[in-house]
Amino acid sequence: MLSLMGNKTYGLLRNSATPAKPSSLSFKTIVETLQKHLSPKPLLIAERFRYHKRNQLEGETVSTYLAELKKLSLYCEFGTNLNDALRDRLVCGLHNELIQKRLLSKPDLSLAKVSEIALAMEAVAKDTLKLQGNINKESEVNKINKDSDRFPKGKDAVKSKSHCY
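Summary of the structure given here. Residue numbers here run from 1 along each chain, matching the order of that chain's written sequence. Given that this is a predicted model, residues contribute local features only at a pLDDT of at least 70 and side-chain atom pairs are listed and counted only at 80 or more, while totals for whole chains, interfaces and linings are drawn from all residues. Only hydrogens and water are set aside when side-chain values are computed; all heavy atoms of the structure are taken into account.

## Quick word on helix α4 (residues 62–72)
So, point 1. Here α4 has its buried residues at Val-62, Tyr-65, Leu-66, Leu-69 and Leu-72. Each buried residue of α4 sits inside an arc of 120° when the element is viewed along its axis, so together they form one side. Relative accessibility thresholds used throughout: buried, under 20% of the residue-type maximum; exposed, over 50%; partly exposed, between the two (1.4 Å probe, protein chains only). The helix and strand labels rest on DSSP assignments: H or I over at least four residues marks a helix, E over at least two residues marks a strand, and numbering proceeds from the N terminus. The arc in question is formed by the directions pointing from the helix axis toward the C-beta atoms.

## Re the pattern of salt bridges
So, point 1. For this document, the term salt bridge refers to a Lys or Arg side-chain nitrogen within 4 Å of an Asp or Glu carboxyl oxygen. Summed over all chains, the structure comprises six salt bridges.
So, point 2. Put simply, Arg-87 and Asp-84 hold a salt bridge, and the shortest N to O gap is 3.5 Å. Here Arg-87 pairs with Asp-84, and both are found in helix α5 (residues 82–93), just three residues apart, close to one helical turn.
So, point 3. Note that Asp-88 and Arg-87 form a salt bridge whose closest N and O atoms lie 3.0 Å from each other.
So, point 4. Accessibility expressed as a relative area gives 37% for Asp-88, which makes it partly exposed.

## Focus: the nonpolar core
So, point 1. Side-chain atoms within 4.5 Å are what join buried Ala, Val, Leu, Ile, Met, Phe, Trp, Tyr and Cys residues into a set we call a nonpolar core. Judged by nonpolar contacts, the single largest core of 21 residues is most densely connected at Tyr-51, Leu-69, Leu-90, Leu-94, Ile-99, Leu-103 and Val-114.
So, point 2. The contact criterion used is simple: two residues touch if any of their non-hydrogen atoms lie within 4.5 Å. Among all residues touching Leu-69, those that are not within four sequence positions of it are Tyr-51, Arg-54, Leu-86, Arg-89 and Leu-90.

## Observations concerning the side chain of Glu-122
So, point 1. Among the structural elements, Glu-122 can be located in helix α7 (residues 111–142).
So, point 2. Buried and unpaired, Glu-122 has Lys-126 as its nearest opposite-charge partner, separated by 4.8 Å.
So, point 3. For Glu-122, the residues in contact, after removing those within four places along its chain, are Gln-56, Glu-60, Thr-61, Val-62 and Ile-99. Note that His is not counted, nor are the chain ends; the positive residues are Lys and Arg, and the negative ones are Asp and Glu.

Here's what the structure looks like:
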């Protein structure tokens, strides 16, 4: 392996393993030494800070927000408390206060139940907005425009009346 790695990697290994010589190290030790330097373990407090600061962004769906929380929780070492931590952060970080209040009023919710309720309420809110948008469009379609060319004014009004028998 030592003969296959580049000069930079070999130099890094040599410096990291000093006083031992790279040729005296086992394959496992070489890999661990290089991983420690090239891919250091993230700091727990920093990872948890990022996790706890993450709130749902404007326009972000609940499912996308939950996926981001799961990704951020990878290095938080929540262990058996992972589902509780995800549930709590999901509820606390929701952008929609109506959904948040509904979830806070329910006792003993699991992460699965919180997700189910939040997703359902989000879908209902979207559908309601679409329906309200269609109602507003329909009312605009049926509204009479005073300045419309459909009913001509002035000289053209006389001409158009002669065609209506």
